[in-house]
Amino acid sequence: MKIYITEVAPRDGLQNINQIINTEKKIEFVNKLSETGVDEIEVSSFVSPKVIPQLSDAEEVFKSIKRNNNVIYSALVPNEKGLERALNVSVDKISVFTSASETFNLKNTNSTIEDSLSKFKNIIKISKESKKLTRAYISTAFWCPYEGKINPYKVKEIAIKLLEFGVDEISIGDTVGKASPDEVSELLEIILNDIHHDKIVLHFHTTYGMAMANVYVAYKNFSIYKFDSSAGGLGGCPFVPGAKGNIATEDLVYMLKRLNANVNVDIKKILMAFNVLEIEPQSYISKVINLI
Ligand code: COA
Ligand code: ZN
């Protein structure tokens, strides 16, 4: 199976940094990422600009990027207002997001999990009528900064509801970056009993250094082939204090290539795209790029 990579740096990465990256740089970043071989780019979020001011230029970015026909351009959408904004600028794929932790969901979106789900039902319906692809994130799926360890059956229950709404895929997020390979195996054993692996995307953060090991078990033992990653290893949620970036795209791709996976992303082009931001990359491969 060909590996499917969603490059999330323009959203997960840029939502969490203090520097303001100007709109032109974001556009150049996305344009360069479009030529790296990644399958999807999560370009921005149509969320409240008061909550995430870093991404308040989502419309301008979407209007100005040069689209590659082989790439899907997606964005986060929290509610109908966000959906309307996203549809206005022809986003290809609508990604809604909830959490497996009630406390985290309240802090992140000011709504309970149940309320999020009832909002999403309609958002997914309208998105599908508008011929858009759809994704739902379940964040803090392993650990929550406020509630501790999350019960995997809770994740499964939410995933099944979202799939019943017709969502195309579920991205299971280790937002805290604390999942261990055994915890990933436990969750996948539970959910893959009822959900096809085609529907599952994994989204790891590197806080405790286990993201690569987590991808390894998911890919090798459970045939998961869709992963989220971030150029330069940027990323993090403002509501998870201390969490580190997403697994770096260059590290993920390097490992998958060494495992002979079918992955077609150019590592050097990823780092060249990242250079546009003038930020120090947080990845292993960026330190040894001259050796590969
Ligand atoms: N886009 C732009 N503005 C929006 C919006 C959207 N999608 N949704 C709400 N707003 C605005 C409203 O117009 C309103 O503005 P006003 O105060 O000028 O009238 C204000 O935000 C409050 O609206 P309300 O519907 O009451 O939302 P809320 O305050 O309950 O916030 C969310 C709910 C979901 C919009 C907000 O918590 C949010 O954007 N969260 C995103 C968090 C995030 O992106 N986290 C990282 C990803 S994991
Ligand atoms: Zn994330």
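For the structure itself, look to the data block above.
Procedures and definitions
- Residues numbered from 1 in each chain as written.
- Chains lettered and ligands numbered in written order.
- Predicted model: local features only at pLDDT ≥ 70, side-chain atom pairs only at ≥ 80, totals over all residues.
- Heavy atoms only, no water.
- Helix = DSSP H or I, 4+ residues; strand = E, 2+ residues; numbered from the N terminus.
- Rg over C-alpha atoms; globule rule 2.2 N^0.38 Å.
- Buried < 20%, exposed > 50% of the residue type's maximum accessible area, 1.4 Å probe, protein only.
- Contact = heavy atoms within 4.5 Å.
- Pairing = 2+ DSSP bridges.
- Axes fitted to C-alpha atoms, helices over the stretch in contact; angles between N-to-C directions.
- Donors = N, O, S within 2.8 Å, 3.2 Å for Na, K, Ca; no water.
- Disulfide = S-S within 2.5 Å.
- Near = heavy atom within 4 Å.
- Polar contact = N/O pair within 3.5 Å; in protein donor to acceptor, adjacent residues only side chain to side chain.
- Areas by Shrake-Rupley, 256 points an atom, 1.4 Å probe, with all protein chains shown as cover.
- Arc of directions from axis to C-beta.
- Patch = residues over 30% accessible without salt bridge, like charges linked within 9 Å, V, L, I, M, F, W, Y side chains within 5 Å.
- Salt bridge = Lys/Arg side-chain N within 4 Å of Asp/Glu carboxyl O.
- Lys, Arg positive; Asp, Glu negative; His and termini not counted.
- Charge placed at Lys NZ, Arg CZ, Asp CG, Glu CD.

Trainee: Could you clarify how one ought to interpret the overall build of the protein in this entry?
Mentor: For the protein, the helix and strand inventory stands at 11 helices and 10 strands. Against the compact-globule benchmark of 19 Å for 292 residues, the protein has a radius of gyration of 17 Å, which places it among compact chains. Considering only C-alpha atoms, the protein reaches an extent of 50 × 40 × 35 Å along its principal axes. With 292 residues in all, the protein has 58% of them scored as buried. Long-range pairs, those at least 24 residues apart, make up 74% of the contacts in the protein between residues at least 6 apart in sequence.

Trainee: Which parts of the structure should I look at to understand the sheet that holds strand β8 (residues 169–174)?
Mentor: In sheet architecture, strand pairing relies on hydrogen bonds along the backbone and comes in two forms, parallel and antiparallel. Overall, parallel pairing links the eight strands, which are arranged β1-β2-β3-β4-β5-β8-β9-β10 in a closed barrel. In this sheet, neighbouring strand axes are inclined to one another by 25 degrees on average, regardless of whether the strands run parallel or antiparallel. Each of β4 (93–99) and β5 (133–139) is contacted by helix α6 (residues 113–129), which is oriented at about 170 degrees to β4, the strand it contacts most.

Trainee: Can you help me understand the coordination of the zinc ion (ligand 2) in this one?
Mentor: Any two of four tetrahedral donors ideally make an angle of 109.5 degrees at the metal, while pairs among six octahedral donors ideally make 90 or 180 degrees. Within the protein, Asp12 (OD), His203 (NE2) and His205 (NE2) serve as the donor atoms for the zinc ion (ligand 2), at 2.0 to 2.2 Å. On the primary sequence, the residues serving as donors to the zinc ion (ligand 2) are separated as D-x190-H-x1-H. Taken together, the residues Asp12 in helix α1 (residues 9–13) and His203 in strand β9 (residues 200–204) connect sequence positions 191 residues apart. Exposure remark for Asp12: the relative accessible area of 3% places this residue in the buried category. Looking at His203, the relative accessible area reads 4%, which means it is buried.

Trainee: How should I be thinking about the state of the cysteines in this particular structure?
Mentor: Each disulfide is one covalent bond, formed between the sulfur atoms of two cysteines. If you walk through the whole model with that rule in mind, you get zero disulfides. Cys144 carries a free sulfur, and the closest cysteine sulfur to it, the one in Cys237, is 10 Å from it. For Cys144, a relative accessible area of 6% corresponds to the buried category. Assessed through its relative accessible area of 10%, Cys237 is described here as buried.

Trainee: I would appreciate a short explanation of the site of ligand 1 in the present structure.
Mentor: Inspection of the region around ligand 1 gives 18 residues, with Ser48, Asn79, Arg85, Asn108 and Asn110 positioned closest. In the model, an oxygen atom of ligand 1 is placed 2.8 Å from a nitrogen or oxygen of the Ser48 main chain. Here Arg85 contributes a side-chain N or O atom positioned 2.8 Å from a nitrogen atom of ligand 1. Protein contact buries 67% of the 940 Å² of open area that ligand 1 shows by itself. Going through the elements one at a time, α4 (80–88) and α5 (102–109) are the ones with two or more residues in the shell around ligand 1. With three residues, α4 is the largest single contributor of residues to the shell around ligand 1.

Trainee: Whenever I open this one, helix α11 (residues 267–275) confuses me. Can you help?
Mentor: Counting along an α-helix, one turn takes 3.6 residues, and residues three or four places apart therefore face a common direction. Along α11, the positions that sit buried rather than exposed are Ile267, Ile270, Leu271, Ala273 and Phe274. Summarising the axial view, the buried residues of α11 lie within an arc of 155 degrees, below the 170-degree limit, and thus occupy one face. Between the side-chain oxygen of the N-cap and the backbone nitrogen of Lys268 there are 3.0 Å, and the N-cap of α11 in question is Asp266.

Trainee: So what exactly am I meant to see when it comes to a negative patch on the surface here?
Mentor: Negative charge collects at one region of the surface, where Glu102, Glu114, Asp115 and Glu147 lie side by side. Position of Glu114 among the secondary structure elements: in helix α6. Judged by relative accessible area, Glu114 falls into the exposed class, the value being 64%.

What is shown is where atoms sit, not what they do.
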